[in-house]
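Working through the structure, step by step
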Amino acid sequence: MKNFKNTKSRVPTISTASLPDIVFMLLFFFMTVTTIKNNTLLVDNNLPNADQIKRLAKKDRVIEIFVGEPSPELAEVLGSEPKIQLDNKLANVIDIAPYVLSELAKKPEAIRNLVTVSLKVDKDVNVGIVSDIKQELRKVNVLKVNYTTYEGDAFTNMK
Amino acid sequence: MARKHEMPEVNAGSMADIAFLLLIFFLVTATIQTDVGLDRKLPPKDTTPPLPIHERNLFRISLNKNNELMVEDNVMEIQDLKSAAIAFLDNGGAVVGDKNYCNYCLGNRDTNGSDNPNKAIISFNSDRAAAYGAYVLVQNELTAAYNELRDRESRRLYATEFLEMERTYFDPKTASETKLELRAKISRIRNMYPMKLSEAQTNMKL
């Protein structure tokens with residue numbers, strides 16, 4: 001009964017001991033649902049929407065090709081004509097075949113014929129450049145492509 | 001000395017700070033996975049000489065540079081494309097007794113439409129100046145048409161959704177016996193409505 005007077009006047013403190021647990025939980029959530037970006041985008045990449053989608057196979061079976069207008073800083077130098085990005089540099093249509101072949105050579109032999117090319121193309125780009133890319137892919141006999149999109153209502157592409 | 005019996009306490013007060021730091025790092029460096037899309041298979045380079053295809057088995061779609069759609073000989077809104085494609089694919093125009101007769105088609109059985117879903121080819125041409133967004137939209141609607149027909153047959157034959165079957169099939173957790181069984185079902189339905197989508201040049205025989 002000696003301390004009774006003291007405790008009465010104290011403001012009850014909120015226990016923060018479980019705060020780390022909550023934060024760790026959030027941390028693990030983000031660690032599992034995210035993928036680390038392994039290349040910086042040099043082109044605008046606002047993908048179109050689609051709803052009849054399929055999930056892309058494992059990351060190691062995918063070769064990515066980005067197409068879009070150069071990002072605003074680069075557009076001052078390069079103009080706003082759509083560009084192709086392979087890995088971390090901008091390229092032309094003729095560079096696609098050698099790039100795809102060299103990427104393919106890096107993969108283990110067992111999965112080489114399962115490789116899909118993921119075309120990450122900005123929705124405002126013209127179809128012409130995409131069909132040029134597809135012709136190049138046909139030349140090197142890499143035939144599985146995926147028009148990578150966001151999940152959503154496809155009719156929003158027209159606005 | 002009462003102290004001696006107490007366990008020394010680790011101060012956990014800064015744990016939250018460390019965790020926050022990590023959390024912010026992951027938030028900044030990571031993007032949520034967007035790896036979904038429409039799968040297509042390109043035709044191989046060395047194609048056999050062009051095959052004569054009967055005009056009634058061909059469904060011509062073209063997209064012009066203003067993102068307007070022309071289907072067969074008429075201008076069409078993209079909203080109507082899916083139902084038009086379904087009507088074409090599911091037509092089943094071949095008569096009873098013909099080798100191309102389609103016994104599961106529910107279409108109009110119009111003699112000017114496709115004979116059989118196996119024969120029906122959708123030909124999609126796009127202007128080079130059309131927007132990629134519109135192109136993907138058309139591809140999406142055509143996929144939706146095929147999926148709807150496949151789904152209908154899958155419900156009729158196996159009482160399950162077609163996409164659900166595919167999802168289970170590609171799920172790594174599914175047992176291999178189930179996979180074999182599903183594989184047979186999926187390929188049967190795919191053969192009923194094979195996806196024949198061509199982007200090649202087609203010459204009209206006038």
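Criteria and cut-off values
Residues numbered from 1 in each chain as written. Chains lettered and ligands numbered in written order. Predicted model: local features only at pLDDT ≥ 70, side-chain atom pairs only at ≥ 80, totals over all residues. Helix = DSSP H or I, 4+ residues; strand = E, 2+ residues; numbered from the N terminus. Buried ≥ 20, exposed ≤ 12 C-beta atoms within 10 Å, placed from the backbone. Contact = placed C-beta atoms within 7 Å. Nonpolar A, V, L, I, M, F, W, Y, C, P; charged D, E, K, R; others polar. Pairing = 2+ DSSP bridges. Core = buried A, V, L, I, M, F, W, Y, C linked by C-beta atoms within 7 Å. Axes fitted to C-alpha atoms, helices over the stretch in contact; angles between N-to-C directions. pLDDT = per-residue confidence, 0-100.

Right, let's talk about unusual backbone geometry for a bit. Positive phi, normally seen in glycine, also occurs at N141 of chain A, with a value near 60°. Structurally, N141 of chain A is set in the loop between α5 (127–139) and β8 (144–151). The class for N141 of chain A is partly exposed, based on 14 C-beta atoms found within 10 Å. Although it is not a glycine, N67 of chain B sits at a positive phi angle of roughly 60°. Tracing the backbone shows N67 of chain B in the loop between β3 (58–63) and β4 (69–71). The exposure class of N67 of chain B is buried, given the 20 C-beta atoms found within 10 Å.

So, about the interface of chain A and chain B. By a frequent convention, interface size equals the accessible area lost on bringing the separate parts together. If you look at the interface, chain A gives 52 residues, while chain B gives 43 residues. Elements with a minimum of two residues in the side of chain A that touches chain B: α2 (19–33), β1 (34–36), β3 (54–55), β7 (116–121), α5 and β8 of chain A. For the side of chain A that touches chain B, the element with the highest residue contribution is α2 of chain A, accounting for nine residues. Considering only residue class, the side of chain A that touches chain B consists of 28 nonpolar, 12 polar and 12 charged. Relative to strand β2 (residues 36–41) of chain B, β3 of chain A is paired through two bridges, and the arrangement is antiparallel. Bridged to K54 of chain A within β2 of chain B is G37 of chain B.

What follows covers the pairing of β2 of chain B. When β8 of chain A meets β2 of chain B, the two strands line up antiparallel, connected through six bridges. When the sheet's bridge partners are listed, T149 of chain A is paired in β2 of chain B with V36 of chain B.

Attention now moves to the nonpolar core. Ranked by size, the top nonpolar core spans 49 residues in total, and within it I65 of chain A together with V138 of chain B carry the most contacts. At 10 residues, the largest contribution of residues to this core is made by helix α3 (residues 132–158) of chain B. If we ignore the near neighbours within four places in the chain, the residues touching V138 of chain B are I61, L63, I78, L81 and F124 of chain B.

So, about the environment of N157 of chain A. Along the chain, N157 of chain A falls in the segment after β8. You can call N157 of chain A buried: it has 26 C-beta atoms within 10 Å. Distance from N157 of chain A to D124 of chain A, taken between C-alpha atoms, is 8.9 Å for residues 33 residues apart in sequence. Residues contacting N157 of chain A, with those up to four places away along its chain left out, are P48, N49 and K123 of chain A together with G133, A134, V136 and L137 of chain B.

Moving on, we come to the sheet that holds strand β7 (residues 197–198) of chain B. All names here are of chain B. Reading across from one edge, β5-β4-β3-β6-β7 is the order of the five strands in this open sheet, with mixed pairing throughout. Because the sheet does not close on itself, it has two edges, and the strands there are β5 (74–76) and β7. Helix α2 (residues 81–89) contacts β3, β4, β5 and β6 (121–126) of the sheet and is inclined by roughly 20° relative to β4.

Quick look at the confidence of the model for chain A now. When pLDDT is averaged along chain A, the result is 83, and 91% of the positions lie at 70 or above. Looking at the elements of chain A, mean pLDDT is at its lowest for helix α1 (residues 4–9) of chain A, recorded as 57, and at its highest for helix α4 (residues 96–106) of chain A, recorded as 91.

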